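Residue-level structural notes
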Amino acid sequence: MTRGFKTLLRIILLFAFVVKFSESYNSNYFDIRSLSLKPPFIDETLRNNNWEFGNSTIVEVNKFVRLTSSDPLRQGWLWSKYPLISLNWEIHFEFMIHGKTKKNGDGFAFFITKEKEEGGPVFGNRNKFTGLGVFFDTYSNSKYNKDSFPKISVMIGDGETEYDVNKDGEGSILGSCSMQIRQQNKPTRVKIVHIKNSRLEIFIRNDDSKRYQSCIKIDQPVLPDTGYLGFTASTNEATDNHDILKVITKGIVTKIPKNEKKIKEDNIEDPVETAKSSVSVFIWLFAICSILLYLYANRSRKYINKEYNHYA
Ligand SMILES: *[C@@H]1O[C@H](CO)[C@@H](O)[C@H](O)[C@H]1NC(C)=O
Ligand SMILES: [Ca+2]
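The structure contained in this document is the topic of the report that follows. (Residues numbered from 1 in each chain as written. Chains lettered and ligands numbered in written order. Predicted model: local features only at pLDDT ≥ 70, side-chain atom pairs only at ≥ 80, totals over all residues. Heavy atoms only, no water.)

In this section: the sheet that holds strand E5 (residues 75-80). Strands sit in the order E2-E5-E14-E7-E8-E9-E10 across an open sheet of 7 strands; the sheet is antiparallel. Of all the strands in the sheet, the pair left with one neighbour each is strand E2 (51-55) and strand E10 (175-178). Taking each pair of neighbouring strands and ignoring which way they run, the sheet shows an average axis angle of 15 degrees. (Pairing = 2+ DSSP bridges. Helix = DSSP H or I, 4+ residues; strand = E, 2+ residues; numbered from the N terminus. Axes fitted to C-alpha atoms, helices over the stretch in contact; angles between N-to-C directions.)

Right, let's talk about the pairing of strand E6 (residues 89-98) for a bit. Burial within E6 is extensive, with 8 of its 10 residues counted as buried. Two elements, E6 and strand E11 (residues 188-195), share 7 bridges in a ladder whose sense is antiparallel. What sits directly across from His 92, in E11, is Lys 191. (Buried < 20%, exposed > 50% of the residue type's maximum accessible area, 1.4 Å probe, protein only.)

Summed over all chains, the structure comprises 11 salt bridges. One salt bridge in this structure joins Asp 31 and Lys 250, with 3.0 Å as the shortest N-O distance. You can see Asp 31 sitting in strand E1 (residues 29-31) and its partner Lys 250 sitting in strand E15 (residues 241-252), a full 219 residues away along the chain. Between Lys 103 and Glu 237 there is a salt bridge, and its shortest N-O distance comes to 3.2 Å. Of this pair, Lys 103 sits in the loop between E6 and strand E7 (107-113) while Glu 237 is found in the loop between strand E14 (228-234) and E15, placing the two residues 134 residues apart along the sequence. Owing to a relative accessible area of 40%, Lys 103 belongs among the partly exposed residues under this scheme. According to the relative accessible area criterion, Glu 237 is exposed, its value standing at 59%. (Salt bridge = Lys/Arg side-chain N within 4 Å of Asp/Glu carboxyl O.)

Residues in close proximity to ligand 1 include Asn 55, Leu 73, Arg 74 and Gln 75, which together make up its full environment. Side-chain polar atom of Asn 55 to an oxygen atom of ligand 1: 2.4 Å apart, as the coordinates give it. Contact distances for ligand 1 include 2.6 Å between an oxygen atom and a backbone N or O atom of Leu 73. Within the complex, 40% of the 360 Å² of free accessible area of ligand 1 lies under protein. Counted by class, the shell around ligand 1 contains 1 nonpolar, 2 polar and 1 charged residues. (Near = heavy atom within 4 Å. Polar contact = N/O pair within 3.5 Å; in protein donor to acceptor, adjacent residues only side chain to side chain. Areas by Shrake-Rupley, 256 points an atom, 1.4 Å probe, with all protein chains shown as cover. Nonpolar A, V, L, I, M, F, W, Y, C, P; charged D, E, K, R; others polar.)

So, about the coordination of the calcium ion (ligand 2). At this site the calcium ion (ligand 2) is bound by Asp 137 (OD), Asp 137 (OD), Tyr 139 (O), Asn 141 (OD1) and Asp 168 (OD), with donor distances of 2.2 to 2.5 Å. Along the chain, the residues donating to the calcium ion (ligand 2) are arranged with the sequence spacing D-x1-Y-x1-N-x26-D. The class of Asn 141 is partly exposed, set by a relative accessible area of 29%. (Donors = N, O, S within 2.8 Å, 3.2 Å for Na, K, Ca; no water.)

Shape descriptors only; they carry no functional weight alone.
Right under this line is the structure:
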């Protein structure tokens, strides 16, 4: 192998390395294991390292976390031990709601809040919570409510505003959609995307849908920067099994989909720009490394020539 060829090979290898490195650096998502949940849900000590559960919640090690069984007057909860601190994130989870009785309810809720593990009237969680609440409401409490049920709704609590259970949150919820989420053959999937100061969107995929359907979208949501993840459910006279099957939490690092750009505000840092600038850092890094390598290769060639001359 000639020296020139070796140098070329080195540069190609370096280039490959830089490209690979910058690729992983710019990847959109990173897994947050401590906020994810999959079977086996509990270890030998009957606990989970990252989640806690209580009141009526029971865990079937390889099958589900059952917040309530289909019995009256139950409340169950499942909360993360550690808070979510990523500002941009995507959370996927799967659940099943099923029961034998005709009167079904009341549903379950997903929270990202400052508070946790406090039972109460809001689907088994405290009222006046601080942060995000997404309600999977299977029971119409208000006679006057014309929405069809099950109804999925969202509220961002400030710690003072009440969620009125008797009105299914009317007055405090920011948006809702109706979708069949009970008695499905397959787990229903939920995807929640949050890009700080830009959008919060909730997608659902049930048995009927081939892909995620956008259910609720909120522009420029104002959420607290941290919070615990929680699932809570309650039953009354109306009952159902409320099962959580899987949770995957991902932080979004830099890039965001192109269509995010148009709704961004001027005063927020644009993740796309950040991604671009990190790409240019790597291009610079690559250029500098190439020059150094070139100089190094030249110098050692000279040195060898010198040695050779010496012995000649
Ligand atoms: C447990 O749930 C019941 C309702 O089933 C409720 O009355 C009780 O306050 C809850 N206990 C705690 C500690 O939250
Ligand atoms: Ca309700």
